[in-house]
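Structural overview for review
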Amino acid sequence: MPSPKRQLLSGDEAIALAARHAGVALGAGYPGTPSTEILERFSELGGYGQWSPNEKVALEVAIGAAFGGARALATMKHVGLNVAADPLFTVAYTGVRGGLVVVSADDPGMASSQNEQDNRHYAVAAGVPMLEPGDSQEAYDFLLAAFEISERWNLPVILRATTRVCHSYTVMQPRSPNGPPKAPKFERDIRARVMIPANARPAHKRLRQKLTEIAEWNETCSLNCVTPGDNQLGIITSGISFMHAREAAPEASVLKLGFTHPLPIKKIAAFVKSVKRCIVIEEGDPYLVEAIRAAGIQVEGKAEIYRFGELNVPRVRRILNNDASPEPAAPPGKPPQLCDACQYRLVFEVLRQRDCIVAGDIGCYTLGVLKPFEAMDSCVCMGASLGVGLGLRHVLPPEQARRVVSVIGDSTFVHSGISGLVEMVYNPPADGHVLIILDNGTTAMTGHQEHPGTGRKLGHEPTNKLVVEDLARSLGVKRVHVVEPRLGSNEFERILDECLASRELCVIIARRPCILIIKRLRELEHCECETKEAPCATK
Amino acid sequence: MRDQVINVVLAGLGGQGVLKASDILADAALRTGLDVKKSEIKGMSQRGGSVTSDVRFGRKVLSPMVSPGEADYLLVLEPTQAEATKHYLKPGGVLITPDAVAVDQLPNKKSLNVALLGALSRHLPLPEVEWLGALREGFAAEFFDANRQAFLAGRAGQHPQKT
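None of these values were measured; they are calculated from a predicted model. Every chain is numbered independently, its residues counted from 1 as its sequence is written. Labels are handed out in written order, letters beginning with A for the chains and numbers beginning with 1 for the ligands. The predicted origin of the model limits local features to residues at a pLDDT of at least 70 and limits the giving and counting of side-chain atom pairs to 80 or more, whereas totals for whole chains, interfaces and linings rest on all residues.

1. A look at the overall build of chain A
Inclusion rule: Only DSSP runs of H or I with at least four residues qualify as helices, and only runs of E with at least two residues qualify as strands; both kinds are numbered from the N terminus onward. The globule rule is 2.2 Å times the number of residues to the power 0.38, and the radius of gyration it is compared with is taken over C-alpha atoms. With C-beta atoms placed from the backbone, a residue counts as buried when 20 or more other C-beta atoms lie within 10 Å of its own, as exposed when 12 or fewer do, and as partly exposed for counts between those limits. By definition, residue pairs are in contact when their C-beta atoms, positioned from the backbone, come within 7 Å.
Looking only at helices and strands, one finds 21 helices and 18 strands in chain A. Relative to the 2.2 N^0.38 estimate, which gives 24 Å for 539 residues, the radius of gyration of chain A is 25 Å and therefore close to what a compact globule would have. Dimensions along the principal axes, computed over C-alpha positions, put chain A at roughly 75 × 60 × 60 Å. Burial status across chain A gives 51% buried among its 539 residues. Within chain A, residue pairs in contact and separated by at least 24 positions form 74% of the contacts whose partners lie at least 6 positions apart.

Set out below in structure tokens:
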């Protein structure tokens, strides 16, 4: 009989549940596939979860909570950790008092990302412990373990998941929640937390000493386990690749590494010695195989073609067979597109008609690059539309420079476009510049999360609202226009033409709520009216 | 059957209820005490793109993904998506398309996803009570009746095409 506690949860949901059971006092992040659902679920379960303007701020808030002695969680997609890398590298030196776990949700295969960077390298570069779950049970168990490890060594810990772990639903059973965590309390520790060089030099040595101790401890850690099998074939693997490998080679002996930085090298060496042939099966970069070989242990790796994209059972079979021949291409599905009634369609039509050179950004509106618009010329990372557009303006011949516009969404603008706008004001190109902020009142691409410009917090409750046009004016932009792009109105076109001709610094805020949230907005607005008189009954 | 893993791929376009259907299927299997895994790529699903969801169940399931050529059943909510997903079916696997149900007779056309689950259910060793339990849990109370009717219509319906 199934236990009543058996649940089918996604990896993200399991992490959220574990965060509640671990007594996490604060979870902060910025939405990003495949990590978004963690904080949403954590909040639904009664935890305090918040969206921050970007991942750097989110991690800094979590660091502050951990300095205060509370358990804190920061969640982000892989590229979000680039934004948060600055605090990560130095909090490894300062250490923490309450447990601090950073969830990095990587996206091998780029289901919804601009690159497929392998964030396991961050654990090495920053010198922090890293755990890699392979299913929802492990996502749950490893988050609990990560807090224990974090508090045992007073270090931040990376929980590195991937799209298939975050978004696959697998059966798991929670453990009994821990007792209430220690109450937050400030304890001054200036030498540990104020990273002037005099304090940082010994802190660096402390960090490396901790890592040496952790590596030794990891040799007998139960998060790394051997599935015994035939000694003809040994497989070393981690994360979701374990599942594919067990299915592709059920007879093999398998060493599954759950705690993948710092690595248990002696355990690995003993395993390799116990089998005739040993091959490392890992998704993404050859992280494990290179680290193992660097320790002087001979193992086989995968062919270069398997660095790209996700692994699955057939690909693992090919790796085991040393088959690096070209793989069959999957038939194309229907690509996503801008919604039929999306206000951005009009914007991109207008930009195309004028042959604008469009420095684009990250969000739904990146789909403006596809037919029939093909009205985007670059998309690099969150916020890059500003800097890239300005750089183009600075160097292109005038007749081209004057056609350059930067296009960014509202949530992306708040995330990392604001400093680009400061750059525009500080280093204005000779012929000015035009920034178009597509303000649909939500973080649409990741599933309609709130952000500082919506005036609502993660759970949609009202808060202070960042007014983008006021911000632009306060920075010194003279031409700030707010316009509603609508069929049958040429107002957007007229303003854009004026701005392009003005050769000044211009910000056009094209504002109209995303059609997919209009119903929710009405409910929220209705609810907010009601609460002024009486408590609202709806959620 | 308990040692064997059953592989189902569900495919359609964003907004058709592919993921809801796979939730119901996975829950019905979970309720029988089997191991279940469900995996999908949904990042762009709200923008009308292709959506597929893999559901695997049996005594012990390892990879959450159905391998090409290994799906026992392919359930397609939108006929145009059959071409893009047919390579998942194993030789002799069963393709279930909207033709498997009389769409016009459904109480609500939005419940096509559930009606097709009914058609799929004829092939699967999952008791009806578990399906209905999953439907009851998976939908708001006011939609349960329409979905139960759609499911039962699909379950009673004509034979699906064989590939």
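Moving on from the coordinates now.
2. What to know about the domain arrangement of chain A
Residue and element names in this part refer to chain A. Defined as follows: Note that the domain bounds were set by an automatic or database domain assignment. Residue type decides the class: Asp, Glu, Lys and Arg count as charged, Ala, Val, Leu, Ile, Met, Phe, Trp, Tyr, Cys and Pro as nonpolar, and the leftover types, Gly among them, as polar.
Taken domain by domain, chain A consists of domain 1 (7-218), domain 2 (225-320) and domain 3 (344-533). Measuring from the centre of the C-alpha atoms in domain 1 to the corresponding centre in domain 3 gives 32 Å. Facing 15 residues of domain 1, the contacting portion of domain 3 comprises 16 residues. Elements that contribute at least two residues to the side of domain 1 that touches domain 3 include exactly α2 (37-44), β3 (49-51) and α4 (78-83). With three residues, β3 is the largest single contributor of residues to the side of domain 1 that touches domain 3. Taken together, the residues that form the side of domain 1 that touches domain 3 break down as seven nonpolar, eight polar and no charged.

3. Re the interface of chain B and chain A
With 29 residues of chain B at the interface, the matching set in chain A holds 31 residues. Secondary-structure elements contributing two or more residues to the side of chain B that touches chain A are α1 (18-31), β2 (35-41) and α2 (81-85) of chain B. Of the residues forming the side of chain B that touches chain A, the biggest block, seven residues, is contributed by β2 of chain B. The residue makeup of the side of chain B that touches chain A, split by class, is eleven nonpolar, ten polar and eight charged.

4. Observations concerning the nonpolar core
Note the cut-off: To define a nonpolar core, we join buried Ala, Val, Leu, Ile, Met, Phe, Trp, Tyr and Cys residues through C-beta atoms within 7 Å and take the resulting set.
The biggest cluster of nonpolar side chains holds 148 residues, and the ones touching the most others in it are Ala62, Ala72 and Leu143 of chain A together with Leu116 of chain B. When we break this core down by domain, the ones giving at least three residues each are domain 1 (7-218) and domain 2 (225-320) of chain A. Leave out the neighbours within four places in its chain, and leucine 116 of chain B touches Ala21, Leu75, Leu77, Ile96, Pro98, Ala100, Val101 and Gly154 of chain B. With 53 residues, the next largest nonpolar core counts Leu351, Ile362, Val468 and Ile509 of chain A among its residues.

5. Some remarks on the sheet that holds strand β18 (residues 505-511) of chain A
Residues and elements named next belong to chain A. Convention followed: Strands are treated as partners if at least two bridges between them are detected by DSSP. Angles run from 0 to 180 degrees between N-to-C directions of axes, and those axes are lines fitted to C-alpha atoms, restricted for helices to the stretch in contact.
If you walk across this open sheet you meet the five strands as β14-β15-β16-β18-β17, and the pairing is parallel. Two strands lie at the open edges of the sheet, namely β14 (357-359) and β17 (479-483), each paired on one side alone. Adjacent strand axes in the sheet meet at a mean angle of 20 degrees, parallel and antiparallel pairs treated alike. Sheet topology note: the β17/β18 ladder contains five bridges and is parallel. Among the inter-strand pairings, histidine 481 is bridged to a residue of β18, identified as isoleucine 508. Helix α16 (residues 384-395) contacts β14, β15 (404-409) and β16 (433-439) of the sheet and is inclined by roughly 180 degrees relative to β15.

6. Focus on the sheet that holds strand β12 (residues 259-261) of chain A
Residue and element names in this part refer to chain A. Spatial strand order, β3-β2-β4-β5-β7-β6-β12: seven strands in an open sheet with mixed pairing. Bordering the open sheet on either side are β3 and β12, each of which pairs with just one other strand. In this sheet, β3 lies alongside strand β2 (residues 26-29) in parallel orientation, the contact comprising three bridges. Paired with glycine 27 across the two strands is glycine 49, which belongs to β3. Where helix α3 (residues 55-67) meets the sheet, it contacts β2, β4 (72-77) and β5 (100-106), and its direction lies at approximately 165 degrees from that of β4.

7. Details of helix α10 (residues 197-218) of chain A
Going by this rule: One less than the number of residues in a helix, times 1.5 Å, gives the span that helix is expected to have.
Here α10 of chain A contains 22 residues, and its C-alpha end-to-end distance of 31 Å stays within 8% of the 32 Å for a straight helix at 1.5 Å per residue. Residues of α10 of chain A that are buried make contact with α5 (85-94), α7 (136-153) and β12 of chain A.

8. With respect to the packing of α1 of chain B against helix α3 (residues 112-121) of chain B
Residues and elements named next belong to chain B. What counts, and what does not: Here the word oblique covers every angle except those under 35 degrees (roughly parallel), over 145 (roughly antiparallel) and from 65 to 115 (roughly perpendicular). For any helix crossing, the convention is left-handed if the near helix is rotated counterclockwise from the far helix by under a right angle, and right-handed if that rotation is clockwise.
Across the interface, α1 lies against α3 with an axial gap of 9 Å and an inter-helix angle of 40 degrees. As far as their axial angle goes, α3 and α1 are oblique. In terms of crossing hand, the pair formed by α1 and α3 is right-handed. Of the residues in α3, those in contact with Val18, Lys20, Ala21, Ile24 and Leu25 of α1 are Asn113, Val114, Leu116 and Leu117. Looking at the contact of α1 with α3 residue by residue, the class counts come to seven nonpolar, one polar and one charged.

9. Examining unusual backbone geometry
Residues and elements named next belong to chain A. A cis amide bond, omega -10 degrees, links histidine 261 with the succeeding residue proline 262. Lysine 371 connects to proline 372 through a cis peptide bond whose omega is 5 degrees. Its place among the elements puts proline 372 in the loop between β14 and α16. Phi angles above zero are rare outside glycine, and asparagine 154 is one such case at about 50 degrees. Among the structural elements, asparagine 154 can be located in the loop between α7 and β7 (157-162). Of note in the backbone geometry, histidine 448 takes a positive phi value of approximately 70 degrees without being a glycine. Looking at where histidine 448 falls in the secondary structure, it is placed in the loop between β16 and α19 (468-474). For histidine 448, a count of 18 C-beta atoms within 10 Å translates into the label partly exposed.

10. Comments concerning the confidence of the model for chain A
Just so we agree on the cut-off: The predictor's confidence in any single residue is recorded as pLDDT, a number from 0 to 100.
Put simply, chain A has an average pLDDT of 95, and 97% of its residues get 70 or more. In the predicted structure, residues 535-539 of chain A sits below a pLDDT of 50 and forms five contacts with residues beyond four places in sequence or in another chain.

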